[in-house]
Amino acid sequence: MSLEEVQDVRTPDATTDTIGTTATTDAAASAASAAPAASAAPAASAGPSKSGTWAALRPLLLRMHFYAGILIAPLLFLAAATGLLYAGSWQAEKIIYSDELTVTEVRDSTLPLSAQVTAARATVPEGKVVGVWPAPDAEATTRVIMEAPGLEEGRTRTVFVDPYTGHVNGTLTTAGDALPLRAWLSEFHSSLQLGEFGRNYSELAASWLWVVALGGLALWIGRRRSRKALLVLPDRAATGRRKTLSWHGAVGIWAAIGLVALSATGLTWSKYAGEHIGKLQDGLGGATPSVSAALAPGSDSGSGSGSGDHAGHGMTPGMEMPATPPTADIGIDKAVAAARAAGVTEELRITLPAKGKGYVIKEQDKQLPVHLDSVAVDPADGRIIDELRFADYPLLAKLTRFGIDLHMGKTLGLANQIALAALAVAVMFLVFWGYRMWWLRRPTKDRALSAGRPQPRGAWRKVPLTLLLPLAAVTAVVGWFVPLLGISLVAFLAVDVLLGAVAARRDGAAAA
């Protein structure tokens, strides 16, 4: 927090001129977080009166924002930097893998999907076809997804087939819809390529991001200022440290909503908080539904060929042959035709039959207006055995879908990715400005190397008991629900208490 904020707490009648000439602040440290500054606006007048709930909470928020900014900011900067790279990977992979993704010539008609699958099998004979993604537009290739020996968990071999000629443009090891570059950057962003242990860094950053964002937002809005425009715009007349404060606060307030959204959506698929969020969503009836592809007994398809082959599988002795053999497969072309007739038509992804299950054909057009319907098709006769419309999703499931896709840069396409990149750049500047302010407010006259001091201890004592107890209860519940937030908060408090004890002993020894 800034010296001007300390003056607001201790001497609320301090004038704007005095604040302007003495500002060497603690808020700079809290500014290190990716949230709006806890410090004052450059031309801020004295803060709110000591009386009232806000005056009691403000010093506590300042101290929390200070420590969160100093200690969590490096993780936020790292998450923003890797997120920036990920946001750019969508467009980068279109350039890097253009040979695999696009056809050389658009023709009048395409080959049947079964013929395209056959071409892919010839290229990777050791692979097992598990899915097919037909070309989503006239210039795109078809993706044939295969499981193959030697691949890491979660990886598949994807064969890119020209739908007009059957020519294989190339093969790549992929993760879902991510090609190698984006797959690597996605893991780098989420775990720093350190596996399960590395995921703790991103979850810790996401756990604190909404706290410092909302806390900083409250602190920034809660200040009085000479001009209302300075709430959302930097003060171009300011110089030095006050200019840094102004930019930090103005950029932070614009970024705050986006940062809270990134935090919330990122936590939904985190390891610890994500488990709690999933249970809560299920309990509220908002679980994401899925289409059922289970076949009735006696109509099992085990071929998985997807190309109309009728590979024979032995039957139990004495079992009567049904009218339609259990291994019958109408083929991928007829299955897709059945799905299209049922209204599933946009950007299809086809999962081939497995033992006891039929075809699953889903729409995966996640750009607005989204198309996310799905059907299951009986491979024996092409009947629709189940269907699921996105319009029938529970509201929470829809919001989760939209939130995750926005976080990943899918929903709004290029505009979505630019917005994510802008947020990432904003976070990095906010962190830089925060540490710069912390450095500028160091007491250089006393010590050559020093750091800014936080809001004095004991801020919680100023909070009325009627407010402190509910606040503590809410903090405990949130700390349990978001475990890495709760654990790190306890660690911060323990370190703070230890430092306080050391300082008290040192002062006692000096007095003696």
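Owing to the predicted nature of the structure, the values given are computational and were not obtained by experimental measurement.

Caption draft 1: Examining the overall build of the chain more closely. Helix and strand counts for the chain come out as 15 helices and 8 strands. Within the span of the chain, comprising 512 residues, buried residues form 47% of the whole. For the chain, contacts bridging at least 24 residues in sequence account for 68% of all contacts bridging at least 6. Carbon together with sulfur atoms contributes 63% to the accessible area of the chain, which is approximately 24800 Å² in total.

Caption draft 2: Representation of a negative patch on the surface in the model. Together, D137, E139, E346 and E347 make up a region of like negative charge exposed at the surface. Locating E346 in the fold gives a position in the loop between α11 (332-341) and β5 (348-351).

Caption draft 3: Broad picture of the nonpolar core. Counting 30 residues, the largest nonpolar core has I72, L76, W208, L259, L267 and V427 as the members making the most contacts within it. Sorting the residues of this core by element identifies α4 (53-96), α8 (195-221), α9 (240-268), α10 (273-283), α13 (414-440) and α15 (483-511) as the ones contributing at least two each. Top element by residues in this core is α8. It accounts for 9 residues.

Caption draft 4: Molecular detail of the packing of aromatic side chains. Evaluation of the coordinates by the stated rule reveals 10 aromatic pairs. Both rings, one in W208 and one in F492, keep their centres 5.4 Å apart while their planes meet at 35 degrees; by these two values the pair is tilted. Placement of the pair is W208 in helix α8 and F492 in helix α15, with a sequence separation of 284 residues. In this structure, W208 and F492 share a single accessibility class: buried. Between the aromatic rings of W480 and F481, the centroid separation amounts to 6.3 Å while the plane-to-plane angle is 50 degrees, which identifies the pairing as tilted. Of note, R182 hangs over the ring of W90, and the distance from its end group to the ring centre comes to 3.7 Å. When the ring centre of F390 is taken as origin, the NZ or CZ atom of K398, which lies over that ring, is 6.0 Å away.

Caption draft 5: Summary view of the environment of F66. Along the chain, F66 turns up in helix α4. Placed 146 residues apart in sequence, F66 and V212 show a C-alpha to C-alpha distance of 9.1 Å.

Caption draft 6: Seen up close, the pairing of strand β6 (residues 359-363). Counted residue by residue, β6 has 4 buried out of 5 residues, so it is predominantly covered. Summarising the sheet, β5 and β6 pair through 4 bridges and their orientation is antiparallel. Bridge assignment links T351 to a residue of β6, and that residue is V360. Pairing geometry for β6 and strand β7 (residues 374-377), over 4 bridges, is antiparallel. Counted as the bridge partner of V360 is A376 from β7.

Caption draft 7: Spotlight on the pattern of salt bridges. Tallying each qualifying case throughout the model produces 16 salt bridges. Measuring nitrogen to oxygen at the nearest pair gives 3.0 Å for the salt bridge that ties R383 to D378. Relative accessible area serves as the criterion here: at 46%, R383 is assigned to the partly exposed category. Residue D378 is classed as buried on the basis of its relative accessible area, which comes to 3%. One network of salt bridges, with partners in common, ties together E93, D177, R182, R349 and K410.

Caption draft 8: Seen up close, the side chain of S488. The topology assignment puts S488 in helix α15. Within the local environment of S488, its side chain forms a polar contact with the backbone oxygen of L484, the two atoms lying 2.7 Å apart.

What counts, and at which threshold
Residues numbered from 1 in each chain as written. Predicted model: local features only at pLDDT ≥ 70, side-chain atom pairs only at ≥ 80, totals over all residues. Heavy atoms only, no water. Helix = DSSP H or I, 4+ residues; strand = E, 2+ residues; numbered from the N terminus. Buried < 20%, exposed > 50% of the residue type's maximum accessible area, 1.4 Å probe, protein only. Contact = heavy atoms within 4.5 Å. Areas by Shrake-Rupley, 256 points an atom, 1.4 Å probe, with all protein chains shown as cover. Patch = residues over 30% accessible without salt bridge, like charges linked within 9 Å, V, L, I, M, F, W, Y side chains within 5 Å. Salt bridge = Lys/Arg side-chain N within 4 Å of Asp/Glu carboxyl O. Lys, Arg positive; Asp, Glu negative; His and termini not counted. Charge placed at Lys NZ, Arg CZ, Asp CG, Glu CD. Core = buried A, V, L, I, M, F, W, Y, C linked by side-chain atoms within 4.5 Å. Phe/Tyr/Trp six-rings, centres within 6.5 Å; stacked < 30°, edge-to-face > 60°. Lys NZ or Arg CZ within 6 Å of the ring centre and 35° of its normal. Pairing = 2+ DSSP bridges. Polar contact = N/O pair within 3.5 Å; in protein donor to acceptor, adjacent residues only side chain to side chain.

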